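Each chain, written out:
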Amino acid sequence: NVMLKDVVSTVYKGGYKIEVTFEDGVTGIVDFSKYLNQGGVFDKFEDIDFFKDFSINKELGVLTWGDEEVDIAPETLYAEATNSPLPDWMTQQQDSPPNLSLQPTS
């Protein structure tokens, strides 16, 4: 029973902060600056203009950047926005603590 956590709207809040609203009505601000040290595709976030050019993939309910080369799972955003743990089905697949590992979807 995966809850509906699709992203329905976003508001850029300056720096690396984006206010995200989910389809269940929950809203929270996610600070993406922590992704800067993740490396890989997230190196692109060092260009703030690239970072600010985000959009919502309506079909998947995910936040994407560029030509959808960078996207972050709504469950991860939801946990960040609400300061709540990731759902069990996501943390079971990870060896490290969920608060420290923000895995890009690939």
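Rules used throughout
- One numbering rule holds for all chains: residues counted from 1, following each sequence as written.
- Confidence filtering applies because this is a predicted model: local features only for residues at pLDDT of at least 70, side-chain atom pairs given and counted only at 80 or more, and all residues used for totals across whole chains, interfaces and linings.
- Heavy atoms throughout the structure, all of them, feed into the side-chain values; hydrogens and water do not.
- Numbering of helices and strands runs from the N terminus; a helix is a DSSP stretch of H or I covering at least four residues, while a strand is a stretch of E covering at least two.
- Three labels apply to residues, based on accessible area from a 1.4 Å probe with only protein chains included: buried if under 20% of the type maximum, exposed if over 50%, partly exposed otherwise in between.
- Residue contacts are counted whenever heavy atoms from the two residues lie within 4.5 Å of one another.
- The definition of a polar contact used here is a pair of N or O atoms within 3.5 Å, where within protein one atom must be able to donate a hydrogen and the other to accept one, and adjacent residues in sequence count solely through side-chain atom pairs.
- Here, strands pair whenever DSSP counts at least two bridges between them.
- A fitted line through C-alpha atoms serves as each axis, taken over the contacting stretch for helices, and the angle formed by two N-to-C directions is quoted from 0 to 180°.

**Observations concerning the environment of Asp53**
Here comes step 1: Looking at the secondary structure, you find Asp53 in the loop between helix 1 (48-52) and strand 4 (54-57).
Here comes step 2: On the basis of relative accessibility, which here comes to 53%, the residue Asp53 falls in the exposed class.
Here comes step 3: Sequence separation between Asp53 and Thr64 is 11 residues; the distance between their C-alpha atoms is 8.8 Å.
Here comes step 4: With residues near it in sequence (within four places) discarded, Asp53 still touches Thr64, Trp65 and Gly66.

**Details of the environment of Asp47**
Here comes step 1: With respect to the secondary-structure elements, Asp47 resides in the loop between strand 3 (27-31) and helix 1.
Here comes step 2: The partly exposed category is assigned to Asp47, whose relative accessible area is 41%.
Here comes step 3: Looking at Asp47, its side chain comes within polar contact range of the main-chain nitrogen of Asp49, at 3.0 Å.

**What to know about the sheet that holds strand 6 (residues 70-72)**
Backbone hydrogen bonds hold the strands of a sheet together, and the pairing may be parallel or antiparallel.
Here comes step 1: Pairing is antiparallel in the open sheet, where 3 strands are placed in the order 4-5-6. The open sheet has two free edges, formed respectively by strand 4 and strand 6, since each of these has just one partner strand. Looking at each pair of strands side by side, their axes are set apart by 30° on average, direction ignored.

**Some thoughts on helix 2 (residues 74-82)**
Here comes step 1: Helix 2 sits mainly inside the fold: 8 of its 9 residues count as buried.
Here comes step 2: Of all the residues in helix 2, the buried ones are Pro74, Glu75, Thr76, Leu77, Tyr78, Ala79, Glu80 and Ala81.
Here comes step 3: Immediately beyond the C-terminal end of helix 2, within one or two residues, lies Asn83, with a positive phi of roughly 55°.

**Side note on unusual backbone geometry**
Trans peptide bonds make up the majority, and among non-glycine residues the majority have a negative phi.
Here comes step 1: At Asn83, a residue that is not glycine, the phi angle is positive and equals roughly 55°.
Here comes step 2: The topology assignment puts Asn83 in the loop between helix 2 and helix 3 (88-91).

By themselves these figures say nothing about function.
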